[in-house]
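Below, each chain spelled out in residue letters.
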Amino acid sequence: MTKPIWIKHATQLATLTSERKGPRSKEGMSELGLIEDGSIWMESGLIQAVGTTKELEKLYADRMHEAEVFDATGHLVTPGLVDPHTHVVYGGSREREFEMRLEGATYMDIMNGGGGIHATTRMTREASEEELMEQTIRRLDSFLAHGVTTVEGKSGYGMNLETELKQLRVMKKLQEEHPIDLVPTFMGAHAVPKDYKGREDEFVDHLINDMLPIVAEEKLAEFNDVFCEKGVFTPEQSERILKAGKKYGLIPKIHADEIEPYGGAELAAKIGAISAEHLLKATEEGIQSMAKSGTIACLLPATALYLREDAAPGRRMVDEGVAVAISTDCNPGSSPTTSMPLVMNLACISMRLTPAEALTAATYNAACAINRQEKTGSLEVGKQADVVLWNVENYQELQYLFGVNHVKTVWKNGVQVVNDKVKSGSKSLTGL
């Protein structure tokens, strides 16, 4: 029988609790539920109590001798980070394209020349399940090391039934075998395969009639995503795909308005998508529509940085009442990173979110964007014991000291999965 875990004396405990229900917007994104001299009691994989150290000392006075104790003096404690938009399962690598972009090639130039997503599709089709498992485990381990305890993963590097199913089955296995919670999204509509060029509507029919039924029958995905972009899928095609997925119980998501305004944000609101992703070029009408519909804006500042584009208008979205989440967009072509701490930093620097808003966007709102807010995203009694202890004293310092991984310790379902051993001269932790 495992011991209960007691974290005590956290200089700042950011619980992310709030009386507001559902994804948080406007001033709600700044409500972090801060507790000074904070304490958490974790047992049986769940959070059993949260409060001040004095409160928990009184509550568990007769059981303190049972617990494994971690003295968090001088440290910030938060919920495990949640990444609500990744393409984490893929084969191969595309580092050459990094140089091509620096030489002036655009995303669409590379894709139309046979690179980009088509290159990853080829490598993913060629990879075995075992090879995809091995590569993805390395990425998930890196996510954990950066304080991420829940990750959404999309298919979409197959664009044929065999490979789409292979990606989703790898995710299903990893959900069982890896500590991270891996939430699956079917994205057969990531691009139009080369052999369907000029026959895009036929591919949409194939996806709806042949792919979606099997994905649903095998219960391989919870969400259905589509890349609504000029030269990829039109708003009309995207709507057909998302409506078809809804008939099978798949919740709609949408890649929207990344390269140019294309009505994706408006479609997200119309279709009732749980989230719209990217949104670099979203129109004012689209932003207003999302605010009214409650669709979450999942913003990807590392992707904009990597592509040398202006970031999405995160500040304007928050001010207009859109609930904002943030993500790495981990993928081989436009954001090959697993660092959610860096993404939080960039959300502040390039999108002008406040440090509190950035933390909300990477925890509670991110959990809402993948329908996991009842399990994770905040430190509340009964939720999964997904907890990160940081080598900083407060949430402002976490965002201020950018480009550094400040993770000290990570617990997933109450099990310690990351332990950055203390170096000479560093702050120390009892129990490590």
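Keep in mind that this is a model prediction, so the values were computed, not measured. Numbering of residues begins from 1 in every chain and follows the order in which that chain's sequence is written. Predicted model: local features are reported for residues with pLDDT of at least 70 only, side-chain atom pairs are reported and counted for 80 or more only, and whole-chain, interface and lining totals are derived from all residues. Processing note: side-chain calculations cover all non-hydrogen atoms of the structure and skip hydrogens and water entirely.

1. Quick notes on the overall build of the protein
Link 1 in the chain: Scanning the protein from N- to C-terminus turns up 16 helices and 16 strands.
Link 2 in the chain: When we talk radius of gyration, it's over C-alpha atoms, and the globule rule is simply 2.2 Å times the number of residues to the 0.38. Its C-alpha atoms give the protein a radius of gyration of 21 Å, within 12% of the compact-globule value 22 Å for 432 residues.
Link 3 in the chain: Based on the C-alpha atoms only, the size of the protein along its principal axes is roughly 70 × 45 × 45 Å.
Link 4 in the chain: Three exposure classes are used, based on accessible area relative to the maximum for each residue type with a 1.4 Å probe and protein chains only: buried under 20%, partly exposed in between, and exposed over 50%. A burial count over the protein gives 59% of its 432 residues as buried.
Link 5 in the chain: At a minimum sequence separation of 6, the contacts of the protein that also span at least 24 residues come to 71%.
Link 6 in the chain: Each accessible area value is a Shrake-Rupley result obtained with a 1.4 Å probe; residue values ignore everything except the protein chains displayed when judging cover. Accessible surface, the protein: about 16,900 Å² in total, of which carbon and sulfur atoms supply 49%. Secondary structure elements follow DSSP: runs of H or I of four or more residues count as helices, runs of E of two or more count as strands, with numbering from the N terminus. Contacts are assigned to residue pairs with any non-hydrogen atoms lying within 4.5 Å of each other.

2. Describing the packing of aromatic side chains
Link 1 in the chain: Centres within 6.5 Å make a pair out of two Phe, Tyr or Trp rings, where for Trp the six-membered ring is used; the pair is then stacked when the planes are under 30 degrees apart, edge-to-face when over 60, and tilted otherwise. The full count for this structure, using the stated rule, is 7 aromatic pairs.
Link 2 in the chain: Taking 5.0 Å as the distance between ring centres and 80° as the angle between the ring planes, the aromatic pair formed by phenylalanine 70 and tryptophan 411 counts as edge-to-face. Of this pair, phenylalanine 70 sits in strand E4 (residues 68-71) while tryptophan 411 is found in strand E15 (residues 407-412), placing the two residues 341 residues apart along the sequence.
Link 3 in the chain: Using a relative accessible area of 0% as the deciding quantity, one classes phenylalanine 70 as buried.
Link 4 in the chain: Note on tyrosine 90 and tyrosine 157: the rings are 6.2 Å apart at their centroids and 75° apart in plane angle, and the pair reads as edge-to-face. With a gap of 67 residues between them, tyrosine 90 in the loop between strand E6 (81-83) and helix H2 (95-102) and tyrosine 157 in the loop between strand E7 (148-154) and helix H6 (161-177) connect regions that are remote in the sequence. The exposure classification of tyrosine 90 matches that of tyrosine 157, with both residues buried.
Link 5 in the chain: Within the aromatic cluster, the residues linked to one another by ring pairs are Trp6, Trp41 and Tyr60.
Link 6 in the chain: Lysine NZ or arginine CZ positioned within 6 Å of the ring centre and within 35 degrees of the ring normal marks a charge as sitting over the ring. The ring of tyrosine 364 has arginine 24 sitting right over it, with the charged end atom 3.8 Å from the ring centre.
Link 7 in the chain: The ring of tyrosine 90 has arginine 139 lying over it, and the distance from NZ or CZ to the ring centre is 3.5 Å.

3. Digging into the pattern of salt bridges
Link 1 in the chain: Salt bridges are defined by distance alone: a side-chain nitrogen of Lys or Arg within 4 Å of a carboxyl oxygen of Asp or Glu. Scanning all chains against the criterion turns up 23 salt bridges.
Link 2 in the chain: With a closest N to O distance of 2.7 Å, lysine 154 and glutamate 152 form a salt bridge.
Link 3 in the chain: For glutamate 152, a relative accessible area of 0% puts it in the buried group.
Link 4 in the chain: If you follow the salt bridges from partner to partner, you end up with Arg20, Glu27 and Glu31 in one network.

4. A closer look at the nonpolar core
Link 1 in the chain: If you look at the biggest cluster of nonpolar residues, it comprises 99 residues, and the most contacted ones within it are Ile254, Leu279 and Ile326.
Link 2 in the chain: Contact partners of isoleucine 254, with chain neighbours within four places excluded, come to Asp225, Val226, Cys228, Leu242, Gly264, Leu267, Ala268, Ala273, Ser275, Ala276 and Glu277.
Link 3 in the chain: To define a nonpolar core, start from buried Ala, Val, Leu, Ile, Met, Phe, Trp, Tyr and Cys residues and group those joined through side-chain atoms within 4.5 Å. In this structure, Ala10, Ile40, Ala385 and Val387 belong to the second largest nonpolar core, which totals 16 residues.

5. A few points about the environment of arginine 96
Link 1 in the chain: Its place among the elements puts arginine 96 in helix H2.
Link 2 in the chain: Each C-alpha atom of the pair arginine 96 and glycine 115 lies 9.8 Å from the other, and the pair is 19 residues apart in sequence.

6. Observations regarding helix H10 (residues 284-293)
Link 1 in the chain: Along H10, the residues classified as buried are Gly286, Ile287 and Met290. Looking straight down H10, one finds its buried side chains confined to an arc of 100°; they lie on one side. Seen from the open side of H10, the exposed residues pointing more than 90 degrees away from its buried face are Glu285 and Lys292.
Link 2 in the chain: Its buried side turned inward, H10 meets helix H9 (264-271), strand E11 (275-278), strand E12 (296-299) and helix H12 (314-319). Here the arc refers to the directions that run from the helix axis out to each C-beta atom.

7. Looking at the confidence of the model for the protein
Link 1 in the chain: A residue's pLDDT is simply how confident the predictor is in it, with values from 0 to 100. For the protein, the average pLDDT comes to 95, and 97% of its residues sit at 70 or higher.
Link 2 in the chain: For the stretch residues 422-432, pLDDT sits under 50, and the model shows 30 contacts to residues farther than four places along the chain or on other chains.

8. A word on unusual backbone geometry
Link 1 in the chain: Here the phi dihedral of leucine 16 falls at roughly 65°; this positive angle occurs in a residue that is not glycine.
Link 2 in the chain: The phi angle at serine 44 is positive, at roughly 55°, despite the residue not being glycine.
Link 3 in the chain: Along the polypeptide, serine 44 turns up in the loop between strand E2 (34-43) and strand E3 (46-52).

9. Structural notes on the side chain of histidine 190
Link 1 in the chain: Mapped onto the secondary structure, histidine 190 falls in the loop between strand E8 (181-189) and helix H7 (200-217).
Link 2 in the chain: Residue histidine 190 is classed as buried on the basis of its relative accessible area of 6%.
Link 3 in the chain: Not counting residues within four places of it along the chain, the set of residues in contact with histidine 190 comprises His87, Ile117, Gly156, Tyr157, Phe227, Val232 and Phe233.

10. Considering the environment of lysine 243
Link 1 in the chain: Turning to its location among the elements, lysine 243 is positioned in helix H8 (residues 235-247).
Link 2 in the chain: Owing to a relative accessible area of 43%, lysine 243 belongs among the partly exposed residues under this scheme.
Link 3 in the chain: On a C-alpha basis, the gap between lysine 243 and valine 392 in space is 46 Å, while along the polypeptide they are 149 residues apart.

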